[in-house]
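Chains, contacts and geometry: an overview
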Amino acid sequence: AFAARHRVTRLLVPPSICERMAETAVPSGIHAIFTGGGPVFPDVLQRLKEKSPEARITAVYGSTEAEPVAHVEVSEICEDDWRAMRDGQGLLAGQPVPQVRLRLVADEIVVTGGHVNKGYMDPTRDATTKLSLGGEIWHRTGDAGRLDDRGRLWLLGRLDGAAGGLHPFCVEAAARFWPGVGRAALLGIDGDPVLALEGDAAHRAGWERSAAEIGISRVVVLARIPLDRRHRSKVDYAALRAALARN
């Protein structure tokens, strides 16, 4: 209603709003949607495109310190890319933007460029988030990633979120395609990967079989997986860990 009343034609919204539009409808008159601020999962992009096939949909990757880093339009994603995301190879973020230089250091995405923050007002924060390479200051994103043979960036999730050799986004993106799954979250407990799922628990047996195939022996079904308060688009892993401790 707001978009129609104000004749909005372009949206810049978090993934949570995209999920809502994918479940309901995209406001009429919208010809471009930009989304970021959290992982943009392939099932959401596919459903959103079905709702609004004429709209240009772009997923943007970046951080407060470096925005943007990369972006990809849904129209650029080919069937092999969709299959790779469904099969647990990460989230396609697209080509890094020309204004940024990007490297992978021990699997972590680090960036530098004119628009990349080189230091904080509190310099004590720089020790863990900045890196000196070749006489330049690079920003450490804390995200794990990989580059494909076309130079495109794929996101694997938070570097410290890996569990049992598995990366969060790889597992979570794949699990969201399992029947009945609404949301998924991977975390490590005592060194072992645990998969939390939100959705129709009638499918639990199938979920457990699928999880076992990728090396996860424990599946926990929750009524709601906790999300961040800011955008409701990122899993609140600290709150999830507390919930699993009570489960």
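Remember, predicted model here, so these are calculated numbers, not experimental data. (Residues numbered from 1 in each chain as written. Predicted model: local features only at pLDDT ≥ 70, side-chain atom pairs only at ≥ 80, totals over all residues. Heavy atoms only, no water.)

Turning next to the overall build of the protein. From N to C terminus, the protein includes 8 helices and 13 strands. Since a compact globule built from 247 residues should have a radius of gyration of about 18 Å, the 19 Å found for the protein is in line with a globular shape. A principal-axis box enclosing the C-alpha atoms of the protein has dimensions of 55 × 50 × 35 Å. Within the protein, counting contacts between residues at least 6 apart in sequence, those at least 24 apart form 51% of the total. In the structure as shown, the protein presents an accessible area of about 12800 Å², 51% of it carried by carbon and sulfur atoms. For the protein, the distance from the average position of its 32 positive side-chain charges to the average position of its 31 negative side-chain charges is 6 Å. (Helix = DSSP H or I, 4+ residues; strand = E, 2+ residues; numbered from the N terminus. Rg over C-alpha atoms; globule rule 2.2 N^0.38 Å. Contact = heavy atoms within 4.5 Å. Areas by Shrake-Rupley, 256 points an atom, 1.4 Å probe, with all protein chains shown as cover. Lys, Arg positive; Asp, Glu negative; His and termini not counted. Charge placed at Lys NZ, Arg CZ, Asp CG, Glu CD.)

To continue, consider the sheet that holds strand 12 (residues 192-199). If you walk across this open sheet you meet the 3 strands as 11-12-13, and the pairing is mixed. Edge positions in the open sheet fall to strand 11 (181-189) and strand 13 (218-222), since each of these has one partner strand only. In this sheet, neighbouring strand axes are inclined to one another by 25 degrees on average, regardless of whether the strands run parallel or antiparallel. Bridging between strand 11 and strand 12 involves 8 bridges; their strand directions are antiparallel. Bridge assignment links leucine 187 to a residue of strand 12, and that residue is valine 194. Across the sheet, helix 7 (residues 204-213) lies against strand 11, strand 12 and strand 13, angled at about 145 degrees from strand 13, the strand it touches most. (Pairing = 2+ DSSP bridges. Axes fitted to C-alpha atoms, helices over the stretch in contact; angles between N-to-C directions.)

Core analysis: the largest hydrophobic core is formed by 24 residues, its most contacted members being Met21 and Ile33. Apart from residues lying up to four places away in sequence, isoleucine 33 is in contact with Leu11, Val13, Cys18, Met21, Val26, Leu48, Arg56, Ile57 and Thr58. If you look at the next biggest cluster of nonpolar residues, it comprises 17 residues, including Phe41, Ala93, Leu102 and Phe169. (Core = buried A, V, L, I, M, F, W, Y, C linked by side-chain atoms within 4.5 Å. Buried < 20%, exposed > 50% of the residue type's maximum accessible area, 1.4 Å probe, protein only.)

Size it by volume and the largest pocket reaches roughly 1000 Å³. Every residue lining the largest pocket is counted, 41 residues in all, and those nearest its centre are Gly37, Gly38, Pro39, Gly62 and Lys234. Of all elements in the fold, only strand 1 (10-13), helix 2 (15-23), strand 3 (56-63), strand 5 (91-96), strand 9 (136-147), strand 10 (153-158), helix 6 (168-175) and strand 11 reach the threshold of two or more residues within the lining of the largest pocket. Here the element with the most residues in the lining of the largest pocket is strand 3; it accounts for 5 residues. Here the residues of the lining of the largest pocket are counted per class, giving 20 nonpolar, 11 polar and 10 charged. (1 Å grid on protein atoms, 1.4 Å probe; cavity = no way out; pocket = protein on both sides within 12 Å on 5 of 7 lines; lining within 4 Å. Points joined across faces, edges and corners; volume = space filled by probe spheres on them. Nonpolar A, V, L, I, M, F, W, Y, C, P; charged D, E, K, R; others polar.)

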